[in-house]
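The chain contents come next:
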Amino acid sequence: MKKGSILGMALSAGLLVAACGTDDSSGSSGSGSTGDAGSEFDLLEDGKFTWASSGLYKPFNYEEGGELKGFDVEIGYAIAEKLGLEPNPVTTPWETIVQGLVDARFDAIIGSMAITNERAEQVNFSDPYYYSGGMIFVAEGNDDITSVEDLEGKKIGVVATSTYDGVAKEYTDDVQYYNSDVIALNDLPIEGRLDAVITADVVGYEAMAAGLEIKDVGAPLWIERPAIAVNKDNEEFLEAINEALNEIIEDGTYDKISTELFDRNLLDVDIEGIEILE
Amino acid sequence: MPETFYTIVDVFTRTLSGFLDAAVVTLQLTAVGIVLGCLLGLFFALLKLSKSKPLQLIANIYITIIRGTPLIVQIVFLYYGIAEFVTLSNFQAGAIALGVHSGAYIAEIFRGAIQGIDKGQSEASSSLGMTKTQSMRRIIFPQALKRSIPPLGNQFIITLKDSSLVYVIGVAELFSLANREAAQSFKPFETYVVVGLYYLVLVMIFTYLLHLYEKKLDVDKD
């Protein structure tokens, strides 16, 4: 992939002199340990770790008061610190996030992206950094749907290109697409919009805690393993990320982040007997 | 109703600093879009008015393609579609798309304004010994510019509002921030009311500035 052709440079230099770069969602707390570690990896900007999420996935990544927050973001900060890189979280719509990584618009995706075989054809995944369950949610007063079989022919809301998308299609032709799980959940209590939403258990519980009139149905359908996605040609960087991830798990940083947000360690899940999504 | 009013005020104050930053990005996109759009518009209007058939054809192809395809497709095309050949940042792709898009409409505005100037004007200037270029620069163009101010203003407002589409490639402008805010606060009603107000106020400021400029040029009189 060739970048920055003469045309591109002429365009950006000639026409956009005044327009400064504004695609970042300026992270806070710049944990200022910047070494020269950056130069060993092929990064978007030297010494800077730029990673993307949708920013629409509370409590994992969301914006509050002009700052990106949430579990994914905290993990990103912790890894950046271990790598000695300046953290730079950005947001981009979920539907095109893999495309953005392949085009090297950012160095990694830390956005609760679960490992699947299909995605692994396009990008490399780190070790999982948490486990979550795929769960059915319905409006509080809905008694029609009590198990996964009841989804047959119902109108199901999912995020396009999410892991829930394919599953929803197994049960119904009537799939409604969203760019955020949270916005899909918001539609559940509204008369006539949706019968059910399939999303991560933690995301649904967060919405319930925020007062949304919805409820969960049955046990998790499967366990999925969100991991950090990196470009295929950036193997050294993937190794470094795995090492950093291991370090923050071993030195207790991970546990601290997880228990502060969820009162439990998200990696501490009994995955025996439940299907693992691939 | 009063309760809704309070939650709107609450969302407004909580998001103020974020939305102000985002409004700056929206204005930057709009500014680049308008300047680029005017340059392209003038260029292609002149091509279209030229006597040369190939030049006219080039202008027609540009206007047909750009007016015939949705802006959101153009934005995504510039950012993802051509990424392998030209890698633009999301701001650059968005601003250029806005400029190229509005340029096609502005070309037609300029062409209409120039053609609308009475033939007698150019006849009179050539009888005074001016060349074609001189008559265009000194006589026709100043009058045409004055006449195109109202429709141009309209196009500027459209460009400002169209900049919201750039959210699709992840530029942190007003609408993309509104989406994130609505998702995290579980308050879509209040959030979209607030972001609507930002656009409304920006458009009103724009309209007022254009009004001042029109008065200065005395657009009503020829």
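This one's a predicted model, so the numbers in the text were calculated from it and none came from an experiment.

All names here are of chain A. A cis amide bond, omega 5°, links K58 with the succeeding residue P59. Notably, S112 is not glycine yet its phi reads approximately 60°, a positive angle. Relative to the elements of secondary structure, S112 occurs in strand β6 (residues 108-114). Taking the number of C-beta atoms within 10 Å as the measure of exposure, S112 has 26 and is therefore buried. The backbone of T161 shows a phi angle near 60°, a positive value even though the residue is not glycine. Structurally, T161 can be placed in the loop between β9 (156-159) and α5 (163-171).

Here we take up helix α3 (residues 71-81) of chain B. Residue and element names in this part refer to chain B. Of all the residues in α3, the buried ones are Q74, I75, L78 and Y79. Angular distribution of buried residues about the axis of α3 spans 120°; they occupy a single face of the element. The secondary structure elements touched by the buried residues of α3 are α4 (90-115).

Here we take up the sheet that holds strand β2 (residues 56-57) of chain A. In spatial order, the strands read β2-β3-β4 (chain A); together these three strands make up an open sheet with antiparallel pairing. What marks the edges here is a single partner per strand, and that holds for β2 and β4 (67-69) of chain A. Sheet strands in contact with helix α7 (residues 174-185) of chain B are β2 and β3 (61-64) of chain A, and its direction is about 105° off that of β3 of chain A.

Interfaces are often described in size by the accessible area the parts lose on coming together. Residue and element names in this part refer to chain A. The assigned domain composition of chain A is domain 1 (1-131 + 225-268) and domain 2 (133-217). Between domain 1 and domain 2, the contact holds 11 residues from the first and 11 residues from the second. Across the side of domain 1 that touches domain 2, the residue classes break down as seven nonpolar, two polar and two charged.

Okay, the environment of F5 of chain B next. Residues and elements named next belong to chain B. Secondary-structure assignment places F5 in helix α1 (residues 2-49). According to the C-beta neighbour criterion, F5 is exposed, with 10 such atoms within 10 Å. Separated by 38 residues in sequence, F5 and F43 place their C-alpha atoms 49 Å apart.

Residue and element names in this part refer to chain B. Where α1 meets helix α2 (residues 53-68), the closest approach of the two axes is 7 Å, and the angle between their N-to-C directions is 135°. What the angle tells us is that α1 and α2 run oblique. In this structure, α1 crosses over α2, and the sense of that crossing is left-handed. Seen from α1, the contacting residues are F44, L47 and K48; seen from α2, they are L55, Q56, I58, A59, Y62 and I63. Its residues assigned to classes, the contact of α1 with α2 shows seven nonpolar, one polar and one charged.

Within this structure's numbering, the places UniProt gives as "domain: Solute-binding protein family 3/N-terminal" (unreviewed entry) are residues 48-265 of chain A. With 34% helix and 33% strand, residues 48-265 of chain A has its two end C-alpha atoms placed 28 Å apart.

Reading the values: the criteria
- Residues numbered from 1 in each chain as written.
- Chains lettered and ligands numbered in written order.
- Predicted model: local features only at pLDDT ≥ 70, side-chain atom pairs only at ≥ 80, totals over all residues.
- Helix = DSSP H or I, 4+ residues; strand = E, 2+ residues; numbered from the N terminus.
- Buried ≥ 20, exposed ≤ 12 C-beta atoms within 10 Å, placed from the backbone.
- Arc of directions from axis to C-beta.
- Contact = placed C-beta atoms within 7 Å.
- Pairing = 2+ DSSP bridges.
- Axes fitted to C-alpha atoms, helices over the stretch in contact; angles between N-to-C directions.
- Domains from an automatic or database assignment.
- Nonpolar A, V, L, I, M, F, W, Y, C, P; charged D, E, K, R; others polar.
- Parallel < 35°, antiparallel > 145°, perpendicular 65-115°, else oblique.
- Left-handed = near helix turned anticlockwise from the far one by under 90°.
- UniProt positions renumbered as here; feature names shortened; annotations may be inferred.

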